[in-house]
Amino acid sequence: MGLSSTFVSAVLVVALVAPLTPRCYGFGLKDLFLPAITDQVKDLWRNGDVDLVDHSCSYSVKPDIQGIELYFIGSVTCPGWTTIRGESNSTLALTSCSVLLCCHTRSKSGFLNCAIKDFIQKALKAGLVTEEEKQNQSRIM
């Protein structure tokens, strides 16, 4: 048997055995941390529906990075009822001392509650809700 036939035999053996061997996968830190980080980042955004004073409304909360600190921006709208938009964000929290005092928080739910309070306060000023409805809504939150 010559050198070329030995080479051909070796190539044939490798070609036949290669599909039967298990695949080897590399494992790195990204494989360990990437799914967890992805889930955490996706969880920073929140959208949904909320019932305000017997009206169906929508809310959204999204992240806001200021420097190296994480805050949130919240908004509430009730499209079938009014064009008023309740808002909350860290800039408003630092510059306004009226309704938005509750915004001295960095949690998603804190900013959502603040956006709801802002919406109700604006609806009260516009004559869409009564003081009693505002108080009832405040007790629910």
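Summary of the structure given here. Keep in mind it's a predicted model, so treat the numbers as computed, not measured.

Core analysis: the biggest nonpolar cluster contains 19 residues, and Leu-52, Val-76, Cys-78, Leu-112, Ile-116 and Phe-119 have the highest contact counts within it. Of all the secondary structure elements, the ones that give two or more residues to this core are strand E2 (55–66), strand E3 (69–77) and helix H4 (108–125). Ranked by residue count, the leading element in this core is H4, at 7 residues.

For the rest of this paragraph, the subject is the state of the cysteines. Applying the stated criterion to the full structure yields 1 disulfide. Residue pairing for Cys-57: its cysteine sulfur links by disulfide to Cys-78, the two sulfurs lying 1.8 Å apart. Disulfide Cys-57-Cys-78: the torsion about the S-S bond is 100°, which places it as right-handed. Taken as a pair, Cys-57 in strand E2 and Cys-78 in the loop between E3 and strand E4 (85–88) lie far apart in primary sequence, 21 residues in all. Taken as a pair, Cys-57 and Cys-78 share a single burial class, namely buried.

Moving on, we come to the pairing of E2. In terms of strand pairing, strand E1 (residues 46–52) meets E2 through 7 bridges, oriented antiparallel. Within E2, the position partnered with Val-50 by the bridge is Cys-57. Adjacent in sequence and paired antiparallel, E1 and E2 are bridged by 2 residues, among which Val-53 carries a positive phi angle near 45°. Two strands pair when backbone bridges link them, and E2 and E3 are joined in this way by 9 bridges, in the antiparallel orientation. Within E3, the residue paired with Pro-63 across the bridge is Phe-72. Between E2 and E3, which pair antiparallel in sequence order, lie 2 residues; one of them, Gly-67, sits at a positive phi of approximately 70°.

On to the environment of Thr-130. Structurally, the position occupied by Thr-130 is in the loop between H4 and helix H5 (131–140). Residue Thr-130 is classed as partly exposed on the basis of its relative accessible area of 42%. Along the backbone, Thr-130 and Ile-120 are 10 residues apart, and their C-alpha atoms lie at a distance of 9.6 Å.

One pass over the structure, following the stated rule, counts 1 aromatic pair. Between Trp-81 and Phe-119, the ring centres sit 5.8 Å apart and the planes meet at 55°, which makes this aromatic pair tilted. Taken together, the positions of Trp-81 in the loop between E3 and E4 and Phe-119 in helix H4 put the pair 38 residues apart, joining distant regions of the chain. Of the two residues, Trp-81 and Phe-119, neither departs from the other in class, the shared state being buried.

Calculation notes
- Residues numbered from 1 in each chain as written.
- Predicted model: local features only at pLDDT ≥ 70, side-chain atom pairs only at ≥ 80, totals over all residues.
- Heavy atoms only, no water.
- Core = buried A, V, L, I, M, F, W, Y, C linked by side-chain atoms within 4.5 Å.
- Buried < 20%, exposed > 50% of the residue type's maximum accessible area, 1.4 Å probe, protein only.
- Helix = DSSP H or I, 4+ residues; strand = E, 2+ residues; numbered from the N terminus.
- Disulfide = S-S within 2.5 Å.
- Pairing = 2+ DSSP bridges.
- Phe/Tyr/Trp six-rings, centres within 6.5 Å; stacked < 30°, edge-to-face > 60°.

Remember, this is a structural readout, not a statement about activity or role.
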